[in-house]
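Results of the structural survey
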Amino acid sequence: MPPGITTLAADAPTLSAANTGFMLICSAMVMLMTPGLAFFYGGMVRVKSTLNMLMMSFISLGIVTILWVLYGFSLAFGADVGSVIGWSSDFVGLSGIGVTELWDGYTIPTYVFAVFQLMFAVLTPALISGALADRVKFTSWALFIALWVTVVYFPVAHWVWGAGGWLFELGVIDFAGGTAVHINAGAAALGVILVIGKRVGFKKDPMRPHSLPLVMLGAALLWFGWFGFNAGSWLGNDDGVGAVMFVNTQVATGAAVLGWLAYEKIRHGSFTTLGAASGAVAGLVAITPAGGAVSPLGAIAVGVIAGVLCAMAVGLKYKLGYDDSLDVVGVHLVGGVIGSLLVGFFATGGVQSDAKGLFYGGGLDQLGKQAVGVFAVLAYSLVVSAVLAFLLDKTIGMRVSEDDEISGIDQVEHAETAYDFSGAGGGATRTTPPAPGATAAPTNKKVDA
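Let me sum up the structure you'll find in this document. (Residues numbered from 1 in each chain as written. Predicted model: local features only at pLDDT ≥ 70, side-chain atom pairs only at ≥ 80, totals over all residues. Heavy atoms only, no water.)

With that settled, the discussion passes to the overall build of the protein. Regarding its fold elements, the protein presents 15 helices and four strands. Overall, the protein is about 105 × 50 × 45 Å in size when its C-alpha atoms are taken along their principal axes. The long-range fraction of contacts in the protein, counting pairs at least 24 apart against all pairs at least 6 apart in sequence, stands at 75%. For the protein, the exposed area adds up to about 17800 Å²; of that, 67% sits on carbon and sulfur atoms. In the protein, 20 positive and 27 negative side-chain charges are present, and the distance between their average locations comes to 18 Å. (Helix = DSSP H or I, 4+ residues; strand = E, 2+ residues; numbered from the N terminus. Contact = heavy atoms within 4.5 Å. Areas by Shrake-Rupley, 256 points an atom, 1.4 Å probe, with all protein chains shown as cover. Lys, Arg positive; Asp, Glu negative; His and termini not counted. Charge placed at Lys NZ, Arg CZ, Asp CG, Glu CD.)

Set out below in structure tokens:
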């Protein structure tokens, strides 16, 4: 994602209605990804946790939106302070931004850039929630979101995309969020689950998805919204780079579906709908950092590699003993690492920049830069997220009680259930006449529908 770039007055761009309209549409598409994620996660949990899973995503739309306006945009994209954070008083409350003021170096208003970036900030903590299914107090989760975006997401976004951010200045390529979004969220998820522990019945009770159609619907909405997420990250359509990213998004995702399903068939003997949906998300994650640097053939390689390796990675939680409920670590952390590192192999030097990967004569230079970005974000997010979870757990508590977890977090935390079964099983009532010669009154027997 290109950060703000200062240009000479003679080269100053003018507002483009086409690019502005395009970016507003992309912003709406990225917003749709958070409800899509809610459906994707909601279908993967058991019935008794469905509403809680939906709410853990939806609440991010409220909390992060307000914090972004108050100070988040300033911290992430304000004037650089020490290469680690931003700050511009004009961005506080979005109060000092002119209606027609353009984002530096681009043809879209600053307001449009701010709202596009807001949708990324909303989605990222929502991604973490899938790892914590079934067992976290809703109030604690809401407070964790507020703290996490403040001390983790906003600074990391500045590192990666902000003008002057140290990873941006190093030359790390992250087109739309492999490090800032997916590795960030995946590492945070791992840090939190290591603190709060496993679900009751982990590795003992069946914890199968309760609605695979809901999972597929969520995956489809994510796939659709991801075109705005990725192609929109070039902030315009003037040079064709966004178009390449759009194509690569589709290509890598399709390849990842095939890669995941092939692994699944060989390893387990079946092609599953859950595997197809998960493979799609793995491909979307992996191409996010790489899609502006690779060719469509490179996108196929990125997708297949991500599909297979992420499918392998989701089983690690059973071997290593950490309870990542919905495979956030296996898909988002691993997929983000794969996509970010593969830039160092497959970057052609002919799309978003002239940086070339190992397979295109660029040597190990870009791979080294990518590795620094990957492990810096991973380590920072893992440690800080674990500390935040520990502090919350020791003060207000992160987990519901064991009894509440067993009975169902939906009813306990939200006083609702996802499905009303009170009318289920109702059917026609028929009257059975007495046997010939009998004098007993007819009896009513219920017949199931």
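Below, the discussion takes up the packing of aromatic side chains. Under the definition given, this model contains 26 aromatic pairs. Here the aromatic residues Trp68, Tyr71, Phe73, Phe77, Phe91, Trp103, Phe113, Tyr153 and Phe154 are joined through ring pairs into a cluster of three or more. (Phe/Tyr/Trp six-rings, centres within 6.5 Å; stacked < 30°, edge-to-face > 60°.)

The biggest cluster of nonpolar side chains holds 122 residues, and the ones touching the most others in it are Phe73 and Leu132. Looking at this core element by element, the count peaks at 14 residues for helix 4 (residues 138-161). In contact with leucine 132, other than residues within four places in its own chain, are Met56, Trp141, Val192, Ile193, Ile196 and Ser325. (Core = buried A, V, L, I, M, F, W, Y, C linked by side-chain atoms within 4.5 Å. Buried < 20%, exposed > 50% of the residue type's maximum accessible area, 1.4 Å probe, protein only.)

One non-glycine residue, leucine 235, adopts positive backbone phi at about 65°. Here leucine 235 shows up in the loop between helix 7 (212-231) and helix 8 (241-268). Unlike most non-glycine residues, alanine 415 shows phi in positive territory, near 55°. Relative to the helices and strands, alanine 415 is located in the loop between helix 15 (409-414) and strand 3 (429-432). For alanine 415, a relative accessible area of 58% translates into the label exposed.

Attention now moves to helix 8. In this model, helix 8 (28 residues) spans 39 Å end to end at C-alpha, consistent with the 40 Å of a helix rising 1.5 Å per residue. Phi turns positive one or two residues past the end of helix 8, at glycine 269, with a value near 90°. (Expected span 1.5 Å × (residues − 1).)

On the surface, Val84, Trp166, Leu170 and Val372 cluster together into a nonpolar patch covering about 290 Å² of accessible area. Position of valine 84 relative to the elements: it lies in the loop between strand 1 (80-81) and strand 2 (85-86). (Patch = residues over 30% accessible without salt bridge, like charges linked within 9 Å, V, L, I, M, F, W, Y side chains within 5 Å. Salt bridge = Lys/Arg side-chain N within 4 Å of Asp/Glu carboxyl O.)

Turning to the packing of helix 2 (residues 50-77) against helix 4, a few remarks are in order. Running from N to C, helix 2 and helix 4 cross one another at 45°; their axes reach a closest spacing of 9 Å. Taken together, the axes of helix 2 and helix 4 are oblique relative to one another. Pair helix 2 / helix 4 crosses with right-handed handedness. (Axes fitted to C-alpha atoms, helices over the stretch in contact; angles between N-to-C directions. Parallel < 35°, antiparallel > 145°, perpendicular 65-115°, else oblique. Left-handed = near helix turned anticlockwise from the far one by under 90°.)

Turning our eyes to something else, we now look at the environment of glycine 283. Mapping glycine 283 onto the fold places it in helix 9 (residues 273-290). Using a relative accessible area of 0% as the deciding quantity, one classes glycine 283 as buried. Through-space distance from the C-alpha of glycine 283 to that of isoleucine 97 is 37 Å; in sequence the pair is 186 residues apart. For glycine 283, the residues in contact, after removing those within four places along its chain, are Ala252, Thr253 and Ala256.

Looking now at the pattern of salt bridges. A full pass over the atoms with the stated rule returns six salt bridges. A salt bridge links arginine 199 to aspartate 323; its shortest N-O distance comes to 2.8 Å. Here arginine 199 is found in the loop between helix 6 (178-196) and helix 7, whereas its partner aspartate 323 is found in the loop between helix 11 (316-320) and helix 12 (328-346), with 124 residues between them in sequence. Its relative accessible area of 9% is what places arginine 199 among the buried residues. Salt bridges sharing partners connect three or more residues here, namely Arg46, Asp134, Arg199 and Asp323.

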